[in-house]
Amino acid sequence: MMNNPDILLNRAKALRLNGLITHWDEIAGADWLAAVLQWEEEERSDRSMRRRMRAARLGHFKQLSDYDWHWPRRIDRAAVEDLMTLSFMNDAANIVFIGPNRVGKSTLARNVAHQALICGHTVLFRTASEMLGELAALDSDAALRRRLHHYAAADVLAIDEVGYLSYSNRHADLLFELISRRYEKRSTIITTNRPFADWSEVFPNAACVVSLVDRLMHRSEVISIEGDSYRFKEAAERSKAQREKRTNRSSGEKVPAA
């Protein structure tokens, strides 16, 4: 099957290897042909992955396998693990991680986004302040349309840290425009420390807040997390380890002879 000439020809056409296709009758039975096509497919796949990783800008993050599920007081582990199947993308559903600061919302969002990348999707990961600040700073309608299209076209758009700052009506309108373009077409992941009922404080006086929340909530999966800061937990663990290290070092010292 792997050396079926028709299948090999279709693979060469998919790769647009026009030189090989032009001379196909001469090389169709060559033993090396299947290997060459596989090398080209793998190299292009690797290049695509590297390109999409750079564009996504996920940064460094803790893998889901290292996530301490026992630390949050409340989290639906089964729901989070189901997100890793990416089934939500079939319905262009949105994902919303809600919880206090530093409980792992961004880490979970990055893991889901990374899984989408591995599976061949285009992903963009941006903080709300970064993305909305960039859009608001554009000084021409043409540039704004191009950038909105850039964010709207990604298979998965992750908007991190909504609610950490307050925004103007201009920022609210831009976010509403972007979410509207993606609505029921592509999935958006949101991390926020504020319940939707408080978003009127995030976007004070913005007339579009109700409609914005309505589009985000429709056909969305909301993951609520309750717990204390992971960073405080890790800092406490480091301090404890340092104390134990100093104690062990001190107990192992010999008393100098008189």
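Please read all numbers here as calculations on a predicted model, not as lab measurements. (Residues numbered from 1 in each chain as written. Predicted model: local features only at pLDDT ≥ 70, side-chain atom pairs only at ≥ 80, totals over all residues. Heavy atoms only, no water.)

Draft legend 1. Structural context of the overall build of the protein chain. Across its full length, the protein chain carries 12 helices and 5 strands. The C-alpha extent of the protein chain, read off along each of the three principal axes, is 90 × 70 × 40 Å. Looking at the 258 residues of the protein chain, the share that counts as buried comes to 38%. Relative to all contacts within the protein chain whose residues are 6 or more apart in sequence, the contacts with residues 24 or more apart total 80%. When the accessible area of the protein chain is evaluated, it comes to approximately 15,000 Å², of which 49% is carbon and sulfur surface. Of the charged side chains in the protein chain, 38 are positive and 35 negative, and the gap between their average positions amounts to 6 Å. (Helix = DSSP H or I, 4+ residues; strand = E, 2+ residues; numbered from the N terminus. Buried < 20%, exposed > 50% of the residue type's maximum accessible area, 1.4 Å probe, protein only. Contact = heavy atoms within 4.5 Å. Areas by Shrake-Rupley, 256 points an atom, 1.4 Å probe, with all protein chains shown as cover. Lys, Arg positive; Asp, Glu negative; His and termini not counted. Charge placed at Lys NZ, Arg CZ, Asp CG, Glu CD.)

Draft legend 2. Inspection of the packing of helix H7 (residues 128-137) against helix H9 (residues 169-182) at higher detail. Remark: H7 packs on H9, axes separated minimally by 10 Å, with the N-to-C direction vectors making an angle of 105°. Comparing the axis directions of H7 and H9 gives the class roughly perpendicular. When H7 is examined against H9, the residues Met-131, Leu-132, Gly-133, Leu-135 and Ala-136 are found in contact with a partner set consisting of Arg-170, His-171, Leu-174, Leu-175 and Leu-178. (Axes fitted to C-alpha atoms, helices over the stretch in contact; angles between N-to-C directions. Parallel < 35°, antiparallel > 145°, perpendicular 65-115°, else oblique.)

Draft legend 3. Layout of the pairing of strand E4 (residues 187-192). Counting buried positions along E4 yields 6 of 6 residues, so the element is predominantly enclosed. With 4 bridges joining them, strand E1 (residues 94-98) and E4 adopt parallel strand pairing. Of the residues in E4, the one forming a bridge with Ile-98 is Thr-192. Alignment of strand E3 (residues 156-162) against E4, held across 5 bridges, turns out to be parallel. Across the sheet, the residue bridging to Leu-157 is Thr-188, located in E4. (Pairing = 2+ DSSP bridges.)

Draft legend 4. Spatial organisation of the environment of Gly-29. Mapped onto the fold, Gly-29 is located in the loop between helix H3 (24-27) and helix H4 (33-56). The exposed category is assigned to Gly-29, whose relative accessible area is 72%. C-alpha of Gly-29 to C-alpha of Pro-5: the two residues are 24 residues apart in sequence and 7.5 Å apart in space.

Draft legend 5. Fine view of the sheet that holds E3. Ordered in space as E2-E3-E4-E1-E5, the 5 strands form an open sheet in which the pairing is parallel. At either end of the open sheet lies a strand with only one pairing partner, and these are strand E2 (123-127) and strand E5 (220-224). The mean inter-strand angle of the sheet, taken between neighbouring strand axes irrespective of direction, is 10°. Of the strands in this sheet, E1, E4 and E5 touch helix H11 (residues 209-217), which is tilted by about 95° from E5.

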